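Observations on the three-dimensional arrangement
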Protein chains: 2
Amino acid sequence: MQFTSERHLDDGLVEHEFTLGEIPGILWMPASASVSAPVPLILLGHPPLGLRTMYPRLAARARHSAAEGFATATIELPGSGDRPRVPAVEQARADLRRAMAAGEPVSDEIVDALILPLVEKAVPEWQAALDGLLSLPETDGPVGYSGGVISIGIRLAVAEPRIAAAGLFAGSFVPRSMVEEARQVTIPLHVLLQWDDEGNDRQAALDLFDAFGSKEKTLHANMGGHTGVPEFAGEAVAQFFTRHLK
Amino acid sequence: MQFTSERHLDDGLVEHEFTLGEIPGILWMPASASVSAPVPLILLGHPPLGLRTMYPRLAARARHSAAEGFATATIELPGSGDRPRVPAVEQARADLRRAMAAGEPVSDEIVDALILPLVEKAVPEWQAALDGLLSLPETDGPVGYSGGVISIGIRLAVAEPRIAAAGLFAGSFVPRSMVEEARQVTIPLHVLLQWDDEGNDRQAALDLFDAFGSKEKTLHANMGGHTGVPEFAGEAVAQFFTRHLK
């Protein structure tokens, strides 16, 4: 992990850009963090639209988390931003667009091809980022994972023991095999669902919530579409992490 | 409305017992409330187990609400506590017990007979209580309704314009006609659901949540049975009322 820039934002937040091999990433560190007072870390997931596109929303989440005393970090997803495209995922995306334009149901094959390669590639990268981030003297565990492609969150919650709590957004297609994998999740979960999410099947999201093996799991369903998560729902996520990571 | 006793609790909370005709009730007033600084009011719903049985849980909710600056009040339900039994409801309760003991499904007829007379009788009583409570110089609107038999909350939300927000607990049988009535509810709602509520049909609760006509409605589903609502879920209800009644 190589830090490439440091920028002091308002509110005393320091934004560090880094690279992890060829993968770009950003770390936001609250001014209060120090070697003698390290802060817990939240990994900020995001949809595969590229870090540059997602930056305003990620920075807002980082600012909110910093106010609660958390460092946050994120990395570019495989096939997004300036990273090389993943041909299988590009093909699945084209198939998805074609199916939706034709008003056809989205097949399991398309969902698998869209999501599974992304999970396979992304999860080891987030784990490598975690190695680097937790080696910094200003951060320590426990670690939270928040938002983004929910299947990446599921796999990380199962495969990465350093992740102690996850805030997940039930807003993307979930392969059947990932629903099965969700049964192995045991960490505390806070799941957001937009009740009228245009690109998401509500019943599938409820079935996924039911499948999670966690003893503490909470579903917060709010009105509105995919991008309409109300501000108070974001505050509830922050409270969830404060409860579990502090 | 006649006040019959006044008791100063710890934390500066004052508990007033009152009667409304033959109906007993309790008002909890935070010490901060005064004629020049009246406080908003939350009506505390409860299951039909009698005020005396419910007292510890009601007083705890009153204490929590007082800390947020709310007066709270409750009245005995028809057929509960020392009030005369309602024969039709008693019959329905016996039928319900018999059906459940026999492992039979609970029929619409039983649910209607159990809930509808309670709603018909209780709602005008809560409205009369509201008349009395809002005539006190230390309380003013807006008013919230919280918990208890959800069908009473639905009817109050539809019929009583002074109720500005409701926190409902999807934990009791709901007649089909009340699901239809729920479509007329337009005030902000915060709905609690216990995912594994033994006496409650989860799908029916989700259908009811879907039916509410409110533009702002939030579902908080948590693990556990009917009485296992986690403490943090109660805090979220308090935040909901603070957002809408202050």
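Residues numbered from 1 in each chain as written. Chains lettered and ligands numbered in written order. Predicted model: local features only at pLDDT ≥ 70, side-chain atom pairs only at ≥ 80, totals over all residues.

1. Topic: the overall build of chain A
- Helix and strand content of chain A: 7 helices and 9 strands.
- Taking 18 Å as the expected radius of gyration for a compact globule of 246 residues, we find that chain A reaches 17 Å, a close match to that expectation.
- Counting only C-alpha atoms and orienting by the principal axes, one finds that chain A spans roughly 55 × 40 × 30 Å.
- For chain A, with 246 residues in total, the buried portion stands at 43%.
- For chain A, restricting intrachain contacts to residue pairs at least 6 apart in sequence, the fraction spanning at least 24 positions comes to 66%. (Helix = DSSP H or I, 4+ residues; strand = E, 2+ residues; numbered from the N terminus. Rg over C-alpha atoms; globule rule 2.2 N^0.38 Å. Buried ≥ 20, exposed ≤ 12 C-beta atoms within 10 Å, placed from the backbone. Contact = placed C-beta atoms within 7 Å.)

2. Thoughts on the relation of the copies chain A and chain B
- By a simple turn and slide, chain A fits onto chain B: the slide is 0.0 Å along the axis, the RMSD is 0.0 Å, and the turn is 180°. Such a turn and shift between the copies fits a two-fold axis. Nearest to the rotation axis, the C-alpha of His-220 of chain A is located 2.4 Å from it, this being the minimum over chain A.
- With an isologous cut-off of 70% or more, the 100% of interface residues of chain A that recur at the interface of chain B puts this contact in the isologous class. (Least-squares fit on C-alpha atoms with pLDDT ≥ 70 in both.)

3. Notes on the interface of chain A and chain B
- Residue-level contacts link 13 residues of chain A with 13 residues of chain B.
- Listing elements by their share of the side of chain A that touches chain B, those giving two or more residues are strand 9 (217-222) and helix 7 (231-245) of chain A.
- With 6 residues, the top contributor of residues to the side of chain A that touches chain B is strand 9 of chain A.
- As judged from the 5 bridges shared by strand 9 of chain A and strand 9 (residues 217-222) of chain B, these two strands associate in the antiparallel manner. In the strand pairing of strand 9 of chain B, Leu-219 of chain A is matched with Ala-221 of chain B. (Pairing = 2+ DSSP bridges.)

4. Points about the pairing of strand 3 (residues 23-29) of chain A
Residue and element names in this part refer to chain A.
- Strand 3 sits mainly inside the fold: 6 of its 7 residues count as buried.
- Looking at chain direction, strand 2 (residues 14-20) and strand 3 are connected through 7 bridges and run antiparallel. When the bridges of strand 3 are listed, Glu-15 appears paired with Trp-28.
- Following strand 2, the chain reverses through 2 residues before pairing antiparallel with strand 3; Gly-21 in that reversal takes a positive phi of roughly 60°.
- Sheet analysis places strand 3 next to strand 5 (residues 71-75), joined by 4 bridges and oriented antiparallel. If you follow Trp-28 over to strand 5, its bridge partner there is Thr-72.

5. Some points on unusual backbone geometry
- Each neighbour pair has its own omega, and for Gly-141 of chain A with Pro-142 of chain A the value is -5°, a cis peptide bond.
- Among the structural elements, Pro-142 of chain A can be located in strand 6 (residues 139-147).

6. Describing helix 6 (residues 202-211) of chain A
Residue and element names in this part refer to chain A.
- Buried within helix 6 are the following residues: Ala-205, Leu-208 and Phe-209. Each buried residue of helix 6 lies within a common arc of 100° when the element is viewed along its axis, so the set occupies one face.
- At its buried positions, helix 6 is contacted by helix 5 (176-182), strand 8 (189-194) and strand 9. (Arc of directions from axis to C-beta.)

7. Here we look at helix 7 of chain A
- Over its 15 residues, helix 7 of chain A runs 21 Å from end to end, which matches the ideal 21 Å to within 8%, given 1.5 Å per residue.
- Packed against the buried residues of helix 7 of chain A are strand 4 (39-45), strand 6, strand 7 (163-169), strand 8 and strand 9 of chain A together with helix 7 (231-245) of chain B. (Expected span 1.5 Å × (residues − 1).)

8. So, the pairing of strand 2 (residues 14-20) of chain B
Residues and elements named next belong to chain B.
- As paired strands, strand 1 (residues 2-8) and strand 2 are joined by 6 bridges and run antiparallel to one another. Bridge pairing in strand 2 links His-8 to Val-14.
- In this structure, the hairpin formed by strand 1 and strand 2 is closed by a connection of 5 residues, where Asp-11 is found at a positive phi of approximately 60°.

9. Comments concerning the environment of Thr-74 of chain A
All names here are of chain A.
- By the element assignment, Thr-74 lies in strand 5.
- A C-alpha to C-alpha distance of 15 Å links Thr-74 and Leu-13, two positions 61 residues apart in sequence.
- With sequence-adjacent residues up to four places away left out, Thr-74 is seen in contact with Gly-25, Ile-26, Leu-43, Leu-44, His-46, Leu-51 and Leu-58.

10. Section: the confidence of the model for chain A
- Of all residues in chain A, 100% have pLDDT values of 70 or greater, and the mean over the chain is 95.
- This prediction of the complex comes with two scores: 0.90 for pTM and 0.84 for ipTM. (pLDDT = per-residue confidence, 0-100.)

11. Examining the packing of helix 2 (residues 87-101) of chain B against helix 3 (residues 108-134) of chain B
All names here are of chain B.
- For the pair helix 2 and helix 3, the least separation of the axes is 8 Å and the interaxial angle reads 145°. Between helix 2 and helix 3 the crossing geometry is left-handed. Mapping the contact onto sequence places Ala-88, Val-89, Gln-91, Ala-92, Arg-93, Asp-95, Leu-96 and Ala-99 in helix 2 and Ile-110, Ala-113, Leu-114, Pro-117 and Leu-118 in helix 3.
- Within the contact of helix 2 with helix 3, the residues separate by chemical class into 10 nonpolar, 1 polar and 2 charged. (Axes fitted to C-alpha atoms, helices over the stretch in contact; angles between N-to-C directions. Left-handed = near helix turned anticlockwise from the far one by under 90°. Nonpolar A, V, L, I, M, F, W, Y, C, P; charged D, E, K, R; others polar.)

12. Remarks on the packing of helix 3 of chain B against helix 4 (residues 150-159) of chain B
Residues and elements named next belong to chain B.
- Interhelical geometry of helix 3 versus helix 4 gives an angle of 50° and a closest axis separation of 9 Å. Overall, the two elements helix 3 and helix 4 adopt an arrangement that is oblique. For the pair helix 3 and helix 4, the crossing hand works out as right-handed. Where helix 3 approaches helix 4, its residues Ile-115, Leu-118, Val-119, Ala-122, Val-123 and Trp-126 are matched on the opposing element by Ser-151, Ile-152, Arg-155, Leu-156 and Ala-159. (Parallel < 35°, antiparallel > 145°, perpendicular 65-115°, else oblique.)

13. Focus: the environment of Val-86 of chain A
All names here are of chain A.
- As for its position among the elements, Val-86 is in the loop between strand 5 and helix 2 (87-101).
- What makes Val-86 partly exposed here is the crowd of 19 C-beta atoms within 10 Å.
- Aside from chain neighbours lying at most four places away, what touches Val-86 is Pro-78, Gly-79, Pro-117 and Lys-121.

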